[in-house]
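Residue-level structure breakdown
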Amino acid sequence: MEKKEISILNIPFYNTSQAGFVDELYNDVRNGERKFVVTANPEIVMHASTDKDFEAVLRQADYIVPDGIGIIMASQKLGEPLKERVTGYDTMVGLLDKPIRCYFLGAKPEISQMVKVKVNEKYPQAEVCGVHHGYFDALESEKIAQEIMATDPDIIFVALGSPTQEKWIVSQISNFEKGVFIGVGGSFDVLTDNVKRAPKIWIKLRLEWVYRLLSNPSRWRRFFAIPQFMLAIRKESKRLKKGE
Ligand code: UDP
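Reading the values: rules and limits
- Residues numbered from 1 in each chain as written.
- Predicted model: local features only at pLDDT ≥ 70, side-chain atom pairs only at ≥ 80, totals over all residues.
- Heavy atoms only, no water.
- Helix = DSSP H or I, 4+ residues; strand = E, 2+ residues; numbered from the N terminus.
- Rg over C-alpha atoms; globule rule 2.2 N^0.38 Å.
- Buried < 20%, exposed > 50% of the residue type's maximum accessible area, 1.4 Å probe, protein only.
- Contact = heavy atoms within 4.5 Å.
- Areas by Shrake-Rupley, 256 points an atom, 1.4 Å probe, with all protein chains shown as cover.
- Lys, Arg positive; Asp, Glu negative; His and termini not counted.
- Charge placed at Lys NZ, Arg CZ, Asp CG, Glu CD.
- Expected span 1.5 Å × (residues − 1).
- Arc of directions from axis to C-beta.
- Pairing = 2+ DSSP bridges.
- Axes fitted to C-alpha atoms, helices over the stretch in contact; angles between N-to-C directions.
- Parallel < 35°, antiparallel > 145°, perpendicular 65-115°, else oblique.
- Left-handed = near helix turned anticlockwise from the far one by under 90°.
- Nonpolar A, V, L, I, M, F, W, Y, C, P; charged D, E, K, R; others polar.
- Near = heavy atom within 4 Å.
- Polar contact = N/O pair within 3.5 Å; in protein donor to acceptor, adjacent residues only side chain to side chain.
- Salt bridge = Lys/Arg side-chain N within 4 Å of Asp/Glu carboxyl O.

**Focus: the overall build of the chain**
- Secondary structure assignment for the chain yields 12 helices and 8 strands.
- At 18 Å, the chain has a C-alpha radius of gyration in line with the 18 Å of a compact globule built from 244 residues.
- Referenced to the eigenvectors of the C-alpha coordinate spread, the extents of the chain come out at roughly 55 × 35 × 35 Å.
- Per-residue burial for the chain yields a buried fraction of 49% across its 244 residues.
- Taking the intrachain contacts of the chain between residues at least 6 apart in sequence as the baseline, contacts between residues at least 24 apart amount to 76%.
- Accessible surface, the chain as shown: approximately 12600 Å² in total, 52% of it carbon and sulfur.
- Computing the positive centroid from 34 side-chain charges and the negative centroid from 32, the chain places the two 8 Å apart.

**Structural notes on helix α1 (residues 18–30)**
- With 13 residues, α1 should cover 18 Å at 1.5 Å per step; its first-to-last C-alpha distance of 19 Å lies within 8% of that length.
- When α1 is considered as a whole, its buried residues turn out to be Gln18, Phe21, Val22, Leu25, Tyr26, Asp28 and Val29. Each buried residue of α1 lies within a common arc of 155° when the element is viewed along its axis, so the set occupies one face. Away from its buried face by more than 90 degrees, α1 exposes Ala19 and Arg30.
- Elements in contact with the buried residues of α1: β2 (11–14), β3 (34–40), β4 (63–66), α5 (88–96), β7 (155–159) and β8 (179–183).
- Looking at the residues trailing α1, positive phi occurs at Gly32, about 65°.

**Some remarks on unusual backbone geometry**
- The omega angle of the peptide bond from Ser162 to Pro163 is 10°, so this bond is cis rather than trans.
- Phi at Leu9 is positive, roughly 45°, even though this residue is not glycine.
- Tracing the chain through its elements places Leu9 in the loop between β1 (5–8) and β2.
- Phi is positive for Arg206, close to 65°, though the residue is something other than glycine.
- Topologically, Arg206 is positioned in the loop between α10 (200–204) and α11 (208–215).
- A residue is classified by how much of its surface remains accessible, and Arg206, at 34% relative accessible area, is partly exposed.

**Quick word on the sheet that holds β7**
- Pairing is parallel across the open sheet formed by 6 strands, whose spatial order is β4-β3-β8-β7-β5-β6. Among the strands making up the open sheet, the edge pair consists of β4 and β6 (127–132). Pairs of neighbouring strands in the sheet enclose a mean axial angle of 20°, with direction left out of account.
- The pairing of strand β5 (residues 101–106) with β6 spans 5 bridges and is parallel.

**Quick notes on the packing of helix α2 (residues 42–50) against helix α3 (residues 52–59)**
- Their axes nearest at 5 Å, the elements α2 and α3 cross at an angle of 120°. When the axes of α2 and α3 are compared, the pair comes out oblique. For α2 against α3, the interelement crossing comes out left-handed. Counting all contacts with α2, which are made through Ile44, His47, Ala48 and Thr50, the residues of α3 involved are Lys52, Phe54, Glu55 and Leu58.
- Classifying every residue of the contact of α2 with α3 by side-chain character gives 4 nonpolar, 2 polar and 2 charged.

**A closer look at the site of the ligand**
- Inspection of the region around the ligand gives 15 residues, with Ala107, Gly134, Tyr135, Asp189 and Arg222 positioned closest.
- One of the backbone nitrogen or oxygen atoms of Ala159 is found 3.1 Å away from an oxygen atom of the ligand.
- Within the backbone of Gly186, one N or O atom sits 3.1 Å away from an oxygen atom of the ligand.
- A total of 550 Å² of accessible area belongs to the ligand in isolation, and the protein chains cover 75% of it.

**Digging into the pattern of salt bridges**
- If you walk through the whole model with that rule in mind, you get 15 salt bridges.
- Note that Asp152 is salt-bridged to Lys178, the shortest N-O span being 3.3 Å. Taken together, the positions of Asp152 in the loop between α7 (141–150) and β7 and Lys178 in the loop between α8 (164–172) and β8 put the pair 26 residues apart, joining distant regions of the chain.
- The class for Asp152 is partly exposed, based on a relative accessible area of 39%.
- By relative accessible area, Lys178 is classed as partly exposed at 24%.
- Taken together, the shared-partner salt bridges connect Asp67, Arg85, Asp90, Arg197 and Glu208 into one network.

These values are about where atoms sit, not about what they do.
Dropping the structure here:
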């Protein structure tokens with residue numbers, strides 16, 4: 001039988017397809033559930049391996065899905081392949097095709113205003129119950145969470161970048177009775193056409209991360225996590241082969 005969860009360097013990944021995951025979250029919405037979703041890449045896994053507090057944040061997730069191709073390749077190398085990439089962006093647009101009430105927290109003020117216009121235009125089934133930009137200080141978090149709660153959303157898309165978005169969700173979610181909270185990184189910038197997603201062929205060739213690096217070279221520092229991740233996977237694979 002197919003495994004529902006596959007562990008990569010101690011992080012339990014949810015083994016599902018992109019379409020299946022959108023359906024599952026939509027089902028959670030209809031059942032009025034409260035859920036925390038992490039869309040993880042190798043950087044996040046490496047971060048958790050060196051920062052116990054962040055690892056504890058991830059442990060509170062209801063679903064951790066493989067956003068980066070590096071995670072899929074690692075699962076293959078470790079002999080338990082995950083089905084496919086489940087990205088924050090595709091999950092977000094998949095859900096926007098449904099009749100849901102959604103709140104958008106994150107991105108620069110001008111982009112956050114554009115989100116509302118864009119969603120109304122492109123995804124008329126979804127109802128935008130509110131937006132708030134992502135440049136606020138920690139003291140305002142509580143107040144923003146109260147504002148979000150008052151709008152009664154089914155889904156809260158949180159685009160503050162990792163690890164800020166995951167930490168923000170964990171600090172606020174327990175006050176909510178329901179709501180699917182999902183960290184979606186730079187997705188609002190893409191949704192509003194302010195950042196281009198890699199062309200399909202780059203994604204197919206598993207090179208979306210190279211495209212992102214080339215189009216935004218200031219990200220290079222983050223990509224140091226990739227060779228470290230590959231090394232850790234190689235070690236883990238050797239350990240498994242030895243049957244340790
Ligand atoms: N961002 C934010 N508040 C901050 C820092 C970042 O709202 O204090 C937003 C930023 O404008 C961008 C997103 O968070 O829209 C993060 O994008 P990035 O590509 O850095 O995140 P990743 O996808 O790598 O997690």
